[in-house]
Amino acid sequence: MFQNMLYINGILLTFKYYAIKQMLNLNSQQPKALAAEPVWKILIYDRVGQDIISPIISIKELRELGVTLHVQLHSDRDSIPDVPAVYFCLPTDENLDRIQQDFSNGLYDIYHLNFLAPITRSKIENLAAAALHAGCVANIHRVYDQYVNFISLEDDFFILKHQQSDQLSYYAINRANTRDEEMEALMDSIVDSLFALFVTLGNVPIIRCPRNSAAEMVARKLEKKLRENLWDARANLFHMDATQAGGGVFSFQRPVLLLLDRNMDLATPLHHTWSYQALVHDVLDLGLNLVYVEDEATAASARKKPKACDLDRNDRFWVTHKGSPFPTVAEAIQEELESYRNSEEEIKRLKTSMGIEGESEIAFSLVNDTTALLTSAVNSLPQLMEKKRLIDMHTKIATAILNYIKARRLDSYFEIEEKIMSKQTLDKPLLELLRDAEFGQPEDKLRLYIIYYICGQQLPESELERLREALQAAGCDLTALAYVQRWKSIMNRSPSISQVTQYEGGGTRTVSMFTKLVSQGSSFVMEGVKNLVVKRHNLPVTKITEQVMECRSNAETDDYLYLDPKLLKGGDVLPKNRAPFQDAVVFMVGGGNYIEYQNLVDFIKQKQTSNVHRRIIYGASTLTNARQFLKELSALGNEIQTPATS
């Protein structure tokens, strides 16, 4: 009854899609010929399972795979006979109790149980006993350990948690009163998800990480877990990486797993950004590739909810422009709109020239074989309608972002912070900017001050006090500063760390004029917004990644642990002869962001050659924007201040 599953190797989002698709096909191989009618089924998931599926498979695709109903495990459900029930959840005690309850109530005739993470022997024995007691052993067709307990947001970007992500947050890892058993459980959770990631990829990595950090705790636990699995002949999940299709993602050379601690860089998560995807996350709270945007209709009505905008890999415009500067995106939307209008006008012109009025099917059926041009144009109508839908969606999103840029002067904040990071002289004194009541929100000013405090020139305490007074007068909560000050004092005592994480903001240059298309013919009123062109530069995480992948000698990265799970006896000594890595998985313990992700994407594009194809996958325990990260810093600062005030 209970079987082990063979796992599909592949790049994150694409191959995880096929793994989940196979699960929804009841874990049976589909013929390569034309797909037959799918087996109709219901999908039952917990919230973690829902988070894993939603960025990968749309509701439309679920229907095509035969899923007639998808419901929460812990919701009230009626009995549905003669239809297979596919469960997709973690093997927690709470979930297993509910599954056993479903057995007892006889809700379904056929059960396919798919667990996101391995179920322990004791739990599966209890589950089998419950099935025997309920008399439904014959109804349980499959039980699988799926090893998919991570969320793929992109082909090269993953996180571990979305809901209840505070359990793996920067605050959870760094708070003062964390008990040892809590920290162990937290680290084990990260390790289990990273192990699942490499089972999915089908490769065993070389592990590098800084010493004396949370990253080292994860590294040593992961190395142990990988080694134990490799040397277990019966349970080895990697023994097929040389025989399955593709032989694993990185079959010709093992990848490097670079584990980093968020403490290496507190400035980047607070940095105002200028690229499309990062702006959507910063000001509109993008989550699981969904963003909710209010338009005039929803803003005016309390009953109407903002409409969800799905930003996924099927959206060609999003895939092309998610890393582009915002003014470039505005121009591209306008160009797409003009292209759509031209196509629409062409169809109307052809119809008019042939004397066809209206758009009914009867009118189109009058077209004979000699009107191939019009027929082709009419056949393209569904694609045109989809194109128009995407244009309207991105226009709505970009308009909302533009309103935030104007209201909060986000273009100026980005420009100033880039100057601070690249050690350029500011046009105006920082004190004057913080005192300007029209210059952004209190949150923006606090972010600017912290970045200046971390990356700017050293100021005397008296000058810092004047800046803090200006922040208080602007309505800023300064609780976070207590923690940032302590963090900086620790960093200053580690010169090697400070050296490798030095900021080198690329700076910006302002193009005086937008194109004629945007300035005159656009629905975007760009007046007052700077057309900033960002100069290419590497963030601290990208600089470290480059040094590790290239095996360059550096005082900081040479001291990083070097762990190889394939070695029978573990060790952390750096080998003398090392070849550069072609592939890397960069994982940030304590939370990541789209700014670092895009910087790594831009970096690896620059490294591609006709002979060498390199890849970087970026991951993080959680995905946080600046507002969320400030809250975590404030909570840590409050822990520092509380003993002093008690």
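Everything below is about the structure printed above this text.
Treat the numbers as computed from the prediction; the structure is a model and nothing was measured.

Caption draft 1: Main features of the overall build of the protein chain. Regarding its fold elements, the protein chain presents 25 helices and 16 strands. Classification of the 646 residues of the protein chain by burial places 53% in the buried group. Once local pairs closer than 6 in sequence are excluded, the contacts in the protein chain between residues at least 24 apart make up 80%. Accessible area for the protein chain stands at about 30500 Å²; split by element, carbon and sulfur atoms hold 51% of it.

Caption draft 2: The arrangement of unusual backbone geometry in detail. Its identity as a non-glycine residue notwithstanding, Lys 423 has a phi of 60°, on the positive side. Within the fold, Lys 423 resides in the loop between α16 (410-421) and α17 (430-435). Residue class for Lys 423 comes out exposed when judged on its relative accessible area of 55%.

Caption draft 3: Looking closely at the side chain of Thr 542. Looking at the element boundaries, Thr 542 is found in helix α23 (residues 540-550). Residue class for Thr 542 comes out buried when judged on its relative accessible area of 0%. Dropping the residues within four chain positions of it, Thr 542 is found in contact with Asn 599, Leu 600 and Phe 603.

Caption draft 4: Region of interest: the sheet that holds strand β14 (residues 561-563). One open sheet accounts for seven strands, arranged β6-β7-β16-β15-β9-β8-β14; its pairing is mixed. Taken across any chain shown, the strands that pair with only one partner, and hence form the sheet edges, are β6 (151-154) and β14. On average, adjacent strands in this sheet sit at an angle of 20° to one another, irrespective of strand direction. For strand β8 (residues 206-209) and strand β9 (residues 256-261), the ladder comprises three bridges, and the chain directions are parallel. Counterpart to Ile 207 in the pairing with β9 is Leu 257.

Caption draft 5: Examining the nonpolar core more closely. If you look at the biggest cluster of nonpolar residues, it comprises 85 residues, and the most contacted ones within it are Leu 24, Leu 43, Val 280, Ile 397 and Ile 401. Top contributing element to this core by residue count: helix α15 (residues 381-408), with eight residues. Once you skip the residues sitting within four places of it in the chain, Ile 397 turns out to touch Tyr 276, Val 280, Leu 284, Val 291, Val 293, Cys 309 and Leu 311. Ranked by size, the runner-up nonpolar core spans 40 residues in total, among them Ile 416, Phe 439, Ile 450 and Val 484.

Caption draft 6: Representation of the pattern of salt bridges within the structure. As enumerated under the stated definition, the model contains 39 salt bridges in all. If you follow the salt bridges from partner to partner, you end up with Asp 282, Asp 285, Arg 408, Glu 443, Asp 444, Arg 447 and Arg 627 in one network.

Caption draft 7: How the structure looks around the sheet that holds strand β5 (residues 140-145). The parallel open sheet is built from five strands, whose spatial order is β2-β1-β3-β4-β5. The strands lining the two open edges of the sheet, one partner per strand, are β2 (67-72) and β5. Averaged over all pairs of adjacent strands, the angle between strand axes in this sheet comes to 15°, irrespective of strand direction. Pairing between strand β3 (residues 84-89) and strand β4 (residues 110-115): six bridges, direction parallel. Bridge pairing links Pro 84 to Ile 110 in β4. In this fold helix α4 (residues 93-105) packs onto β3, β4 and β5, with an angle of close to 175° to the strand it touches most, β4.

Caption draft 8: A look at the packing of aromatic side chains. Per the counting criterion, the structure on display carries 20 aromatic pairs. Between Phe 103 and Tyr 111, the ring centres sit 4.9 Å apart and the planes meet at 85°, which makes this aromatic pair edge-to-face. Across this residue pair, the class does not change: Phe 103 and Tyr 111 are buried. Ring centres of Tyr 594 and Tyr 597 lie 6.4 Å apart, and the angle between their planes is 70°; on these two criteria the pair is classed as edge-to-face. Of this pair, Tyr 594 and Tyr 597 both sit in helix α24 (residues 594-606), separated by three residues, roughly a single helical turn. For Tyr 597, a relative accessible area of 3% corresponds to the buried category. By way of ring pairs, the aromatic residues Tyr 87, Phe 103, Tyr 108 and Tyr 111 are connected into one cluster.

Caption draft 9: Here's a closer look at the pairing of β4. For β4, a buried count of five out of six residues is recorded, marking the element as mostly surrounded by other parts of the structure. Note that β4 and β5 share five bridges and pair parallel. Bridging from a neighbouring strand, Phe 115 pairs with Asp 145 of β5. Crossover handedness for the path β4 to helix α5 (residues 121-134) to β5: right-handed.

Caption draft 10: Helix α18 (residues 442-455), seen in detail. Helix length check: α18, at 14 residues, gives a terminal C-alpha distance of 20 Å against a target of 20 Å (1.5 Å per residue), a fit within 8%. The buried count for α18 comes to 13 of 14 residues, which makes it a mostly enclosed element.

Caption draft 11: Local environment of the environment of Arg 486. Checked against the element boundaries, Arg 486 lands in helix α20 (residues 479-492). For Arg 486, a relative accessible area of 46% gives the class partly exposed. C-alpha of Arg 486 to C-alpha of Gly 637: the two residues are 151 residues apart in sequence and 9.1 Å apart in space.

Analysis parameters
- The residue numbers shown here count from 1 along each chain, following its written sequence.
- For this predicted model, a pLDDT threshold of at least 70 governs which residues receive local features, and a threshold of 80 or more governs which side-chain atom pairs are given and counted, while totals over whole chains, interfaces and linings are taken from all residues.
- To obtain the side-chain values, all non-hydrogen atoms of the structure were used and water was disregarded.
- Here a helix means four or more residues in a row that DSSP labels H or I, a strand means two or more in a row labelled E, and each is numbered from the N terminus.
- For every residue, the accessible area (1.4 Å probe, protein chains only) is compared with the maximum for its type, and the residue is labelled buried under 20%, exposed over 50%, or partly exposed between those bounds.
- Here, two residues are considered to be in contact whenever any of their heavy atoms come within 4.5 Å of each other.
- In these tables, accessible area is a Shrake-Rupley quantity obtained with a 1.4 Å probe, and a residue counts as shielded only by the protein chains included in the view.
- Here, any two strands with at least 2 DSSP bridges between them count as paired.
- Axes here mean lines fitted to C-alpha atoms, for a helix over just the part in contact, with angles spanning 0 to 180 degrees between N-to-C directions.
- For the purposes of this section, nonpolar cores are sets of buried Ala, Val, Leu, Ile, Met, Phe, Trp, Tyr and Cys residues that join through side-chain atoms within 4.5 Å.
- By salt bridge we mean one thing: a side-chain nitrogen of Lys or Arg within 4 Å of a carboxyl oxygen of Asp or Glu.
- Only rings of Phe, Tyr and Trp enter the pairing, Trp through its six-membered ring, and a pair is recorded when the two centres are within 6.5 Å. The plane angle decides the type: under 30 degrees is stacked, over 60 is edge-to-face, the rest tilted.
- Convention used here: a crossover is right-handed provided that the path from the first strand, over the helix, to the second strand proceeds clockwise when the strands point away from the viewer.
- Here, expected helix span is obtained from the residue count minus one, scaled by 1.5 Å.

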